[in-house]
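Below are the chains, spelled out letter by letter.
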Amino acid sequence: MRMLVILMWLLHWLPLPLLARLGEAIGSLLFIYKKSRRRITLINLRLCFPEWSEEQRHAVAKKHFQNYARSVLERGILWWASEARLRRLIVIEPGVPVAAIKASPTILLCPHFVSLDVAGVAVMLESSLCSIYTQQLNPVFDQVLRKGRSRFRPVKLFAREEGVKPIIRAMRDGLPFFMLPDMDFGAKDAEFVPFFGVSAATLTAPARIAAATKAKVIPVVATYLPDYRGWTVKFYPAWENFPGDDMLAATRAMNAFIEDRAREAPAEYFWTHKRFKTRPAGEASFYAVNTPDEAPPAY
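Described below are features of the structure shown in this document. Because the structure is a prediction, the values reported are computed rather than measured. Each chain has its residues counted from 1, running along the sequence as written. Predicted model: local features are reported for residues with pLDDT of at least 70 only, side-chain atom pairs are reported and counted for 80 or more only, and whole-chain, interface and lining totals are derived from all residues. Side-chain descriptors were evaluated using all non-hydrogen atoms of the structure, hydrogens and water having been removed beforehand.

**Topic: helix α10 (residues 205-213)**
For step 1, the next point in the chain: Of all the positions in α10, only Ala205, Pro206, Ala207, Ile209, Ala210 and Thr213 are classed as buried.
For step 2, the next point in the chain: Immediately downstream of α10, the backbone of lysine 214 shows phi near 55°, a positive value. Residue exposure (1.4 Å probe, protein chains only): buried if accessible area is under 20% of the type maximum, exposed if over 50%, otherwise partly exposed. Put simply, DSSP marks the helices as runs of H or I at least four residues long and the strands as runs of E at least two long, and each gets a number from the N terminus on.

**Overview of the pattern of salt bridges**
For step 1, the next point in the chain: For this analysis, a salt bridge means a side-chain nitrogen from Lys or Arg found within 4 Å of a carboxyl oxygen belonging to Asp or Glu. Here the structure, examined in full by the defined rule, presents 13 salt bridges.
For step 2, the next point in the chain: A salt bridge links glutamate 51 to arginine 263, with the shortest nitrogen-to-oxygen separation between them at 3.9 Å. Remark: arginine 263 occurs in helix α11 (residues 247-264) and glutamate 51 occurs in the loop between α3 (35-48) and α4 (54-80); sequence separation between them is 212 residues.
For step 3, the next point in the chain: Residue classification places arginine 263 among the partly exposed residues on the basis of a relative accessible area of 39%.

**So, the packing of aromatic side chains**
For step 1, the next point in the chain: For Phe, Tyr and Trp, where Trp contributes only its six-membered ring, two rings pair if their centres lie within 6.5 Å, and the inter-plane angle classes them as stacked under 30 degrees, edge-to-face over 60, or tilted in between. Throughout the structure, instances matching the rule amount to 17 aromatic pairs.
For step 2, the next point in the chain: Aromatic pair phenylalanine 49 and tryptophan 52: ring centres 3.9 Å apart, planes at 15°, arrangement stacked.
For step 3, the next point in the chain: Overall, the relative accessible area of 18% leaves tryptophan 52 in the buried class.
For step 4, the next point in the chain: Seen from their ring centres, tryptophan 79 and tryptophan 80 are 5.5 Å apart, and the 90° between their planes marks the pair as edge-to-face.
For step 5, the next point in the chain: For tryptophan 79, a relative accessible area of 5% gives the class buried.

Written out as C-alpha coordinates, the structure reads:
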(Lines give C-alpha, C1' and ligand atoms only; values in the text may rest on other atoms or scores of the structure.)
Protein backbone atom coordinates (compact mmCIF):
# COMPACT_ATOMS: atom_id res chain seq x y z
CA MET A 1 0.00 0.00 0.00
CA ARG A 2 2.90 2.39 0.69
CA MET A 3 4.16 1.75 -2.83
CA LEU A 4 0.69 2.45 -4.24
CA VAL A 5 0.50 5.75 -2.35
CA ILE A 6 3.96 6.72 -3.61
CA LEU A 7 2.89 5.84 -7.16
CA MET A 8 -0.26 7.97 -6.83
CA TRP A 9 1.88 10.87 -5.55
CA LEU A 10 4.21 10.55 -8.54
CA LEU A 11 1.34 10.29 -11.01
CA HIS A 12 -0.44 13.38 -9.69
CA TRP A 13 2.25 15.51 -11.38
CA LEU A 14 1.07 14.31 -14.80
CA PRO A 15 -1.24 16.53 -16.86
CA LEU A 16 -4.85 15.58 -16.16
CA PRO A 17 -5.58 14.34 -19.73
CA LEU A 18 -2.69 11.88 -19.52
CA LEU A 19 -3.57 10.72 -16.00
CA ALA A 20 -7.23 10.34 -16.95
CA ARG A 21 -6.44 8.23 -19.99
CA LEU A 22 -4.18 6.02 -17.89
CA GLY A 23 -7.04 5.54 -15.44
CA GLU A 24 -9.40 4.64 -18.26
CA ALA A 25 -6.97 2.02 -19.56
CA ILE A 26 -6.82 0.45 -16.11
CA GLY A 27 -10.62 0.57 -15.93
CA SER A 28 -10.89 -1.32 -19.21
CA LEU A 29 -8.74 -4.10 -17.75
CA LEU A 30 -10.79 -4.15 -14.55
CA PHE A 31 -13.95 -4.53 -16.61
CA ILE A 32 -12.50 -7.70 -18.10
CA TYR A 33 -11.04 -9.23 -14.95
CA LYS A 34 -13.27 -8.02 -12.06
CA LYS A 35 -16.08 -10.36 -13.02
CA SER A 36 -18.05 -10.09 -9.76
CA ARG A 37 -18.21 -6.28 -9.88
CA ARG A 38 -18.97 -6.31 -13.60
CA ARG A 39 -21.85 -8.68 -12.89
CA ILE A 40 -23.26 -6.41 -10.13
CA THR A 41 -23.00 -3.40 -12.44
CA LEU A 42 -24.84 -5.13 -15.26
CA ILE A 43 -27.59 -6.37 -12.91
CA ASN A 44 -28.10 -2.82 -11.62
CA LEU A 45 -28.24 -1.43 -15.14
CA ARG A 46 -30.75 -4.09 -16.23
CA LEU A 47 -32.97 -3.19 -13.28
CA CYS A 48 -32.71 0.56 -13.79
CA PHE A 49 -32.63 0.77 -17.58
CA PRO A 50 -34.78 -2.10 -18.90
CA GLU A 51 -35.51 -0.04 -22.02
CA TRP A 52 -31.84 -0.16 -23.05
CA SER A 53 -30.40 -2.89 -25.24
CA GLU A 54 -27.86 -5.25 -23.72
CA GLU A 55 -25.19 -3.60 -25.88
CA GLN A 56 -26.04 -0.19 -24.42
CA ARG A 57 -25.80 -1.52 -20.88
CA HIS A 58 -22.43 -3.15 -21.56
CA ALA A 59 -21.10 0.07 -23.08
CA VAL A 60 -22.19 2.13 -20.05
CA ALA A 61 -20.86 -0.53 -17.65
CA LYS A 62 -17.45 -0.47 -19.34
CA LYS A 63 -17.38 3.34 -19.32
CA HIS A 64 -18.30 3.29 -15.65
CA PHE A 65 -15.31 1.07 -14.85
CA GLN A 66 -13.11 3.48 -16.81
CA ASN A 67 -14.53 6.47 -14.95
CA TYR A 68 -14.17 4.78 -11.58
CA ALA A 69 -10.54 3.77 -12.13
CA ARG A 70 -9.82 7.24 -13.45
CA SER A 71 -11.32 8.79 -10.30
CA VAL A 72 -9.05 6.69 -8.08
CA LEU A 73 -5.89 7.93 -9.80
CA GLU A 74 -7.21 11.49 -9.81
CA ARG A 75 -7.48 11.45 -6.03
CA GLY A 76 -3.75 12.10 -6.07
CA ILE A 77 -4.51 15.51 -7.56
CA LEU A 78 -7.12 16.14 -4.87
CA TRP A 79 -4.72 15.11 -2.10
CA TRP A 80 -1.47 16.76 -3.20
CA ALA A 81 -1.99 19.31 -5.99
CA SER A 82 -1.72 22.99 -5.21
CA GLU A 83 -4.81 24.99 -4.42
CA ALA A 84 -4.23 27.03 -7.58
CA ARG A 85 -4.26 23.89 -9.74
CA LEU A 86 -7.43 22.62 -8.09
CA ARG A 87 -9.18 25.92 -8.65
CA ARG A 88 -8.26 25.75 -12.33
CA LEU A 89 -9.60 22.22 -12.72
CA ILE A 90 -12.79 22.47 -10.64
CA VAL A 91 -15.59 24.55 -12.14
CA ILE A 92 -18.17 25.36 -9.46
CA GLU A 93 -21.71 26.23 -10.52
CA PRO A 94 -22.90 28.72 -9.40
CA GLY A 95 -20.50 28.73 -6.43
CA VAL A 96 -20.10 27.22 -2.97
CA PRO A 97 -23.11 28.55 -1.00
CA VAL A 98 -21.00 29.94 1.84
CA ALA A 99 -23.54 32.58 2.89
CA ALA A 100 -26.31 29.98 3.10
CA ILE A 101 -24.05 27.64 5.09
CA LYS A 102 -23.24 30.40 7.58
CA ALA A 103 -26.87 31.51 7.88
CA SER A 104 -28.36 28.29 9.28
CA PRO A 105 -27.80 24.52 9.59
CA THR A 106 -27.10 22.96 6.20
CA ILE A 107 -27.04 19.47 4.72
CA LEU A 108 -24.95 19.19 1.57
CA LEU A 109 -26.51 16.15 -0.09
CA CYS A 110 -23.94 14.46 -2.35
CA PRO A 111 -25.03 11.32 -4.26
CA HIS A 112 -22.53 8.59 -5.12
CA PHE A 113 -21.00 9.71 -8.38
CA VAL A 114 -17.40 8.65 -9.00
CA SER A 115 -16.14 12.23 -8.54
CA LEU A 116 -17.84 12.83 -5.19
CA ASP A 117 -14.45 13.53 -3.56
CA VAL A 118 -14.14 16.51 -5.89
CA ALA A 119 -17.35 17.91 -4.44
CA GLY A 120 -15.88 17.56 -0.97
CA VAL A 121 -12.71 19.40 -2.00
CA ALA A 122 -14.78 22.17 -3.63
CA VAL A 123 -16.55 22.73 -0.31
CA MET A 124 -13.38 22.58 1.76
CA LEU A 125 -11.70 25.21 -0.38
CA GLU A 126 -14.25 27.58 1.14
CA SER A 127 -15.65 26.02 4.32
CA SER A 128 -15.06 23.38 6.98
CA LEU A 129 -17.57 20.55 7.19
CA CYS A 130 -18.55 17.40 9.03
CA SER A 131 -19.26 14.01 7.54
CA ILE A 132 -19.52 10.29 8.24
CA TYR A 133 -16.32 8.37 7.64
CA THR A 134 -15.71 4.64 7.31
CA GLN A 135 -12.26 3.70 8.56
CA GLN A 136 -10.18 2.00 5.89
CA LEU A 137 -8.82 -1.48 6.53
CA ASN A 138 -5.29 -0.48 5.62
CA PRO A 139 -3.90 2.03 8.17
CA VAL A 140 -1.52 3.64 5.64
CA PHE A 141 -4.32 4.36 3.16
CA ASP A 142 -6.61 5.45 6.01
CA GLN A 143 -4.08 8.04 7.16
CA VAL A 144 -3.52 9.38 3.64
CA LEU A 145 -7.25 9.56 2.97
CA ARG A 146 -7.98 11.40 6.21
CA LYS A 147 -5.14 13.86 5.65
CA GLY A 148 -6.15 14.43 2.05
CA ARG A 149 -9.74 15.21 3.00
CA SER A 150 -8.75 17.76 5.64
CA ARG A 151 -5.77 19.45 3.98
CA PHE A 152 -7.38 22.89 3.57
CA ARG A 153 -9.59 23.18 6.65
CA PRO A 154 -10.39 21.19 9.79
CA VAL A 155 -12.97 18.49 9.17
CA LYS A 156 -15.00 16.56 11.73
CA LEU A 157 -15.42 12.93 10.71
CA PHE A 158 -17.78 10.65 12.62
CA ALA A 159 -18.15 6.88 12.53
CA ARG A 160 -21.56 5.63 11.44
CA GLU A 161 -21.80 3.72 14.71
CA GLU A 162 -21.80 7.00 16.66
CA GLY A 163 -25.29 7.80 15.39
CA VAL A 164 -26.70 11.22 14.56
CA LYS A 165 -26.16 13.08 17.86
CA PRO A 166 -22.56 14.24 17.17
CA ILE A 167 -23.60 15.24 13.66
CA ILE A 168 -26.46 17.36 14.98
CA ARG A 169 -24.13 19.00 17.52
CA ALA A 170 -21.61 19.83 14.80
CA MET A 171 -24.35 21.27 12.58
CA ARG A 172 -25.59 23.46 15.42
CA ASP A 173 -22.01 24.66 15.83
CA GLY A 174 -22.12 25.91 12.24
CA LEU A 175 -20.61 23.05 10.24
CA PRO A 176 -22.45 21.85 7.13
CA PHE A 177 -23.08 18.11 7.03
CA PHE A 178 -21.65 16.57 3.85
CA MET A 179 -23.97 13.60 3.44
CA LEU A 180 -23.86 10.60 1.08
CA PRO A 181 -27.47 9.38 1.13
CA ASP A 182 -27.77 6.62 -1.45
CA MET A 183 -26.19 3.34 -0.38
CA ASP A 184 -27.85 0.20 0.96
CA PHE A 185 -26.91 -0.17 4.64
CA GLY A 186 -29.70 -2.62 5.41
CA ALA A 187 -33.23 -2.21 6.69
CA LYS A 188 -32.32 -0.36 9.90
CA ASP A 189 -33.32 3.34 9.77
CA ALA A 190 -34.40 2.83 6.16
CA GLU A 191 -37.61 2.58 4.17
CA PHE A 192 -38.31 0.81 0.91
CA VAL A 193 -38.94 3.52 -1.67
CA PRO A 194 -38.61 3.43 -5.46
CA PHE A 195 -35.31 4.05 -7.19
CA PHE A 196 -35.66 3.68 -10.95
CA GLY A 197 -38.96 1.97 -10.21
CA VAL A 198 -37.34 -0.70 -8.00
CA SER A 199 -37.92 -0.83 -4.24
CA ALA A 200 -34.66 0.19 -2.58
CA ALA A 201 -33.81 0.31 1.12
CA THR A 202 -33.15 4.03 1.50
CA LEU A 203 -31.90 5.88 4.57
CA THR A 204 -34.44 8.27 6.03
CA ALA A 205 -31.66 10.11 7.87
CA PRO A 206 -31.57 13.11 5.49
CA ALA A 207 -35.23 13.86 6.18
CA ARG A 208 -34.97 13.11 9.90
CA ILE A 209 -31.83 15.21 10.45
CA ALA A 210 -33.26 18.09 8.42
CA ALA A 211 -36.42 17.98 10.58
CA ALA A 212 -34.46 17.80 13.85
CA THR A 213 -32.11 20.68 13.01
CA LYS A 214 -34.40 22.72 10.75
CA ALA A 215 -31.62 22.45 8.20
CA LYS A 216 -31.90 23.33 4.55
CA VAL A 217 -30.86 20.61 2.10
CA ILE A 218 -28.60 21.72 -0.77
CA PRO A 219 -27.77 18.96 -3.27
CA VAL A 220 -24.31 18.93 -4.81
CA VAL A 221 -23.18 16.73 -7.72
CA ALA A 222 -19.68 16.41 -9.18
CA THR A 223 -19.24 15.18 -12.77
CA TYR A 224 -16.53 15.24 -15.42
CA LEU A 225 -16.01 18.10 -17.81
CA PRO A 226 -15.57 17.00 -21.44
CA ASP A 227 -12.17 16.61 -23.08
CA TYR A 228 -10.38 15.85 -19.79
CA ARG A 229 -10.60 19.48 -18.71
CA GLY A 230 -11.45 18.74 -15.09
CA TRP A 231 -14.68 18.57 -13.15
CA THR A 232 -17.85 20.52 -12.65
CA VAL A 233 -19.38 20.73 -9.17
CA LYS A 234 -22.97 21.87 -9.28
CA PHE A 235 -24.80 23.18 -6.23
CA TYR A 236 -28.56 22.98 -6.69
CA PRO A 237 -31.08 25.31 -5.03
CA ALA A 238 -32.08 24.32 -1.51
CA TRP A 239 -35.16 22.11 -1.50
CA GLU A 240 -38.29 23.94 -0.49
CA ASN A 241 -40.44 22.62 2.37
CA PHE A 242 -38.16 19.64 2.94
CA PRO A 243 -38.92 17.31 4.61
CA GLY A 244 -42.39 18.57 5.45
CA ASP A 245 -44.67 16.36 7.53
CA ASP A 246 -44.19 13.12 5.59
CA MET A 247 -40.74 11.55 5.98
CA LEU A 248 -41.55 8.78 3.52
CA ALA A 249 -42.64 11.23 0.82
CA ALA A 250 -39.50 13.28 1.45
CA THR A 251 -37.33 10.18 1.03
CA ARG A 252 -39.13 9.34 -2.22
CA ALA A 253 -38.46 12.86 -3.48
CA MET A 254 -34.77 12.52 -2.62
CA ASN A 255 -34.49 9.26 -4.59
CA ALA A 256 -36.30 10.83 -7.55
CA PHE A 257 -33.78 13.69 -7.57
CA ILE A 258 -30.82 11.30 -7.50
CA GLU A 259 -32.40 9.20 -10.24
CA ASP A 260 -32.71 12.26 -12.48
CA ARG A 261 -29.05 13.13 -11.94
CA ALA A 262 -27.99 9.52 -12.66
CA ARG A 263 -29.91 9.63 -15.95
CA GLU A 264 -27.92 12.73 -16.92
CA ALA A 265 -24.54 11.02 -16.41
CA PRO A 266 -25.26 7.29 -16.19
CA ALA A 267 -21.67 6.12 -16.64
CA GLU A 268 -20.57 8.18 -13.63
CA TYR A 269 -23.07 6.89 -11.07
CA PHE A 270 -21.80 4.23 -8.66
CA TRP A 271 -23.29 1.06 -10.17
CA THR A 272 -20.77 -1.41 -8.70
CA HIS A 273 -22.51 -1.14 -5.31
CA LYS A 274 -25.32 -3.62 -4.51
CA ARG A 275 -27.89 -0.84 -4.31
CA PHE A 276 -30.81 -3.30 -4.17
CA LYS A 277 -29.18 -5.82 -1.82
CA THR A 278 -31.77 -5.51 0.96
CA ARG A 279 -35.14 -6.82 -0.16
CA PRO A 280 -38.63 -6.65 1.34
CA ALA A 281 -39.63 -9.76 3.25
CA GLY A 282 -40.15 -12.72 0.95
CA GLU A 283 -38.53 -11.12 -2.10
CA ALA A 284 -35.59 -12.94 -3.70
CA SER A 285 -32.16 -11.37 -4.07
CA PHE A 286 -31.28 -9.78 -7.39
CA TYR A 287 -27.63 -10.68 -6.82
CA ALA A 288 -27.95 -14.41 -6.07
CA VAL A 289 -25.10 -16.40 -7.52
CA ASN A 290 -27.44 -18.42 -9.71
CA THR A 291 -28.81 -15.28 -11.38
CA PRO A 292 -27.93 -15.69 -15.06
CA ASP A 293 -25.53 -13.36 -16.80
CA GLU A 294 -27.66 -12.60 -19.83
CA ALA A 295 -24.88 -11.94 -22.31
CA PRO A 296 -21.08 -12.01 -22.47
CA PRO A 297 -19.40 -8.62 -21.99
CA ALA A 298 -18.44 -6.67 -25.09
CA TYR A 299 -14.79 -5.83 -24.57
